[in-house]
Amino acid sequence: MPSDRVLHLLGSAAEPVLGVRVAVGHARARGWDVCLGLTPTAADWLRDDLDGLAELTGHPVKSRFRRPGDPETWPAADAVLVAPATFNTLNRWALGITDNWVVGHAAEAIGTGVPLVAVPRVNSALAAHPQFGRSLATLRTAGVDVLTNADGLPADGLAPAPSGTGNAGFPWAAALAAVERAVAPGRRGKG
């Protein structure tokens, strides 16, 4: 589905990433041209479907930094959705530790003014770590819409306990609605 609205969907290695095909379909149905980026572990989990996901989106699935001199293969984003966002991804992003492509891309998006939405998927033990709350606060201060109350997510950033069902229970609809709000007229634009 051709669209002039581009969504960079960045997923990390948490159970809902196994349902990212459904999320891409929902975003495309809302009129988005979707580019999919994955952390290296998430890409490994989805390795048998990477070609299919590239065909579905019409863009290569990214999980590694490109080499110097290689051309950019994605169009510029109108919005970036980081979902699911793990403890590691959120903390690295907030601290500016860009040791993987997804975190590096999300960090650069802050600097370009592209609207950003993140949906944490963190268990209660990790969410209790003192850095987690600081990281959420840092990202919010940087303009990231961190959805911690979507579909029953508590304000402390906890997501529902892993269910073994991949996509079930993850608030993809709320995440995409937040992206729509973020790009509404009068909000930040393409960077």
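In the block above lies the structure referred to throughout.
Since we're looking at a predicted model, the values are computed, not measured. (Residues numbered from 1 in each chain as written. Predicted model: local features only at pLDDT ≥ 70, side-chain atom pairs only at ≥ 80, totals over all residues. Heavy atoms only, no water.)

Trainee: What am I meant to see in the pairing of strand 2 (residues 32-38) here?
Mentor: In the case of a regular strand, side chains alternate between the two sheet surfaces. Buried residues dominate strand 2, accounting for seven of its seven residues. Burial of strand 2 is two-sided: the residues Trp 32, Val 34, Leu 36 and Leu 38 facing one way and the residues Asp 33, Cys 35 and Gly 37 facing the other way are all buried. (Buried < 20%, exposed > 50% of the residue type's maximum accessible area, 1.4 Å probe, protein only. Helix = DSSP H or I, 4+ residues; strand = E, 2+ residues; numbered from the N terminus.)

Trainee: Looking at this model, I keep getting lost on helix 1 (residues 20-29). Mind explaining?
Mentor: Residues separated by three or four positions in an α-helix point in the same direction, a consequence of the helix having 3.6 residues per turn. Residues of helix 1 that are buried: Val 20, Ala 23, Val 24, Ala 27 and Arg 28. End-on, the buried residues of helix 1 take up no more than an arc of 135°, which puts them together on one face. Looking at the buried side of helix 1, the elements it contacts are strand 1 (5-11), strand 2, helix 3 (50-57) and helix 8 (172-182). Looking at the residues trailing helix 1, positive phi occurs at Gly 31, about 95°. (Arc of directions from axis to C-beta. Contact = heavy atoms within 4.5 Å.)

Trainee: Explain the sheet that holds strand 1 here, please?
Mentor: One key point about sheets: their strands pair by backbone hydrogen bonds, in either a parallel or an antiparallel sense. Spatial strand order, 2-1-3-4-5: five strands in an open sheet with parallel pairing. In this open sheet, the two strands that pair with only one neighbour each are strand 2 and strand 5 (145-146). (Pairing = 2+ DSSP bridges.)

Geometry only, nothing functional implied.
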